[in-house]
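# What the coordinates show
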Amino acid sequence: MTKTKTKKGATALPLNTILNGDCVDAMNALPAESVDLIFADPPYNLQLRGDLHRPDNSQVDAVDDAWDQFASFDAYDLFTRDWLKAAQRLLKPNGAIWVIGSYHNVFRVGAAMQDAGFWILNDVVWRKSNPMPNFRGKRLTNAHETLIWASKGEGAKYTFNYEALKALNEGVQMRSDWVLPICTGHERLKDDKGDKAHPTQKPESLLHRVLLGTTNPGDVVLDPFFGTGTTGAVAKMLGRDFIGIEREVAYREVAEKRLAKVRKFDREALQVTASKRAEPRVPFGQLIERGMLRPGEELFSMNKRFKAKVRADGTLVGGDHRGSIHQVGAALEGAPSCNGWTYWCIKRDGKPISIDVFRQQIRAEMAERPN
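Reference entry: report on the structure contained in this document. Since the model is a prediction, treat every value here as computed from it, not as a measurement. Residue numbers restart at each chain and count upward from 1, following the sequence in its written direction. With the structure being a predicted model, the display of local features is reserved for residues of pLDDT at least 70 and the display and counting of side-chain atom pairs for 80 or more, all residues being used for whole-chain, interface and lining totals. Hydrogens and water molecules were not included; the side-chain quantities draw on all heavy atoms of the structure.

### Considerations on the pairing of strand β5 (residues 144-151)
Per-residue accessibility, obtained with a 1.4 Å probe over protein chains only, is compared with the maximum for each type, and a residue is labelled buried under 20%, exposed over 50%, and partly exposed between these values. Strands are runs of DSSP state E lasting at least 2 residues, helices are runs of H or I lasting at least 4, and numbering of each runs from the N terminus. Burial within β5 is extensive, with seven of its eight residues counted as buried. When DSSP finds at least two bridges between two strands, those strands are taken to pair. The sheet contact formed by strand β3 (residues 91-101) and β5 spans six bridges and is antiparallel. Its bridge partner lying in β5, valine 99 is registered against isoleucine 148. In this sheet, β5 lies alongside strand β4 (residues 119-128) in antiparallel orientation, the contact comprising eight bridges. Across the sheet, the residue bridging to aspartate 123 is isoleucine 148, located in β5.

### Structural notes on unusual backbone geometry
Phi angles above zero are rare outside glycine, and asparagine 16 is one such case at about 55 degrees. Relative to the elements of secondary structure, asparagine 16 occurs in the segment before β1 (17-20). On the basis of relative accessible area, asparagine 16 is assigned to the buried category, the value being 13%.

### Side note on the packing of aromatic side chains
Any two rings among Phe, Tyr and Trp, with Trp reduced to its six-membered ring, count as a pair given centres within 6.5 Å; such a pair is stacked if its planes are under 30 degrees apart, edge-to-face if over 60, and tilted if neither. Counted under the stated rule, the structure contains eleven aromatic pairs. Aromatic side chains tyrosine 76 and phenylalanine 79 sit 6.1 Å apart centroid to centroid with 50 degrees between the ring planes, which places their arrangement in the tilted category. With tyrosine 76 and phenylalanine 79 both in helix α2 (residues 73-90), this residue pair falls three residues apart, about one helical turn. Residues tyrosine 76 and phenylalanine 79 agree in their burial class; the two are buried. Measuring from ring centre to ring centre gives 4.8 Å for tyrosine 343 and tryptophan 344, while their planes differ by 90 degrees; the resulting arrangement is edge-to-face. Of the two residues, tyrosine 343 and tryptophan 344, neither departs from the other in class, the shared state being buried.

### Looking at the sheet that holds strand β12 (residues 321-323)
In a beta sheet, neighbouring strands pair by backbone hydrogen bonds and run either parallel or antiparallel. Spatially, β12-β11-β10-β9-β13-β14 is the arrangement adopted by the six strands of the open sheet, whose pairing is antiparallel. On the outer flanks of this sheet lie β12 and β14 (351-354), each paired with one strand and no other. Strand after strand, the sheet turns through a mean of 35 degrees between neighbouring axes, direction not considered. Comment: axis = line fitted to C-alpha atoms, over the contacting stretch for helices; angle = value between 0 and 180 degrees taken between N-to-C directions.

### As for the sheet that holds strand β7 (residues 220-223)
With mixed pairing, eight strands are arranged side by side in an open sheet as β1-β8-β7-β2-β3-β5-β4-β6. Looking at which strands have only one partner, the edges of the open sheet turn out to be β1 and β6 (177-180). Shown here is a sheet whose adjacent strand axes are inclined to one another by a mean of 20 degrees, direction ignored. Pairing of strand β2 (residues 35-40) with β3 involves five bridges; the strand directions are parallel. Across the sheet, phenylalanine 39 pairs through a bridge with tryptophan 98, a residue of β3. Each of β3, β4 and β5 touches helix α3 (residues 106-115); the most contacted strand, β5, lies at about 5 degrees to it. Residues are treated as being in contact if the distance between any of their heavy atoms lies within 4.5 Å.

Limitation: the analysis is restricted to geometry and does not speak to function.
This is the structure in structure tokens:
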């Protein structure tokens, strides 16, 4: 299922593939600035001491695997700095990274991210609607994990599909606290013995929200701690390319079987609500160049209080004010700002028509042009 993406003279990217080996070595072998997003679920370094039992004395299937064990905090910090350095090299200038962790490691990882030059955009609390209880009754029930979302550096651009996340949240701005269930039932992957295939498998709902909100179809998503492939499965469904890195044979085998069953959504279903800021910019002067408006024609404010004359260079004259459609509208209203596109209209056949109608017509034509 491997395919590659290359530029002239560049190393091929092993897209939609699970790479075997150490995450740092594997990342360092990939070409620099080739990845749009990294989702990392690194070892939590839980420092478990002995078995954990429920009140009925049954043993809890906790995380006690070798990959989660480090000799000391210093060893864990060194490991963290190494993989973050590799991640920083791989990200495109407008790329971003998500890291998920628990109270055992997320504060150490967050500091290391800032030291590495990443710029933290948000921390997100994933509040588990069905958390595992604290069986010993000596602490609060650990009901959440923390995600850190960061751009490559201060001032760097990054993808944020604000309107898509708002639509996903029934028209309300998406907050930084996400209430989602942990993996249970049909989503929990099992091995041949019927046991959990991975102790910390993340729910697809979590990755759906991350990838929908911060990537676009065709983007390359890297997961350096791939596990049983939740990131790859959701990326494939959403029309993103993925690269997974996983050194544990058992996890890779489960992930391969899982990914083989995943079908990508059709092209129309992959489209998301776009932010108006992301729409192509259309200068007001283009309406004049295209003959949609003529120099000398009068525009009227929607509230019918003011009028202004169109000039050949795309500026307006209204009373004693000259400038852009936004500047003149603001000056006439005595307001600090004005959206001229929705403020001004023109009469056609005796009916007022918003000048934004002409802008949307041009945008529609731009969208129809072949790439």
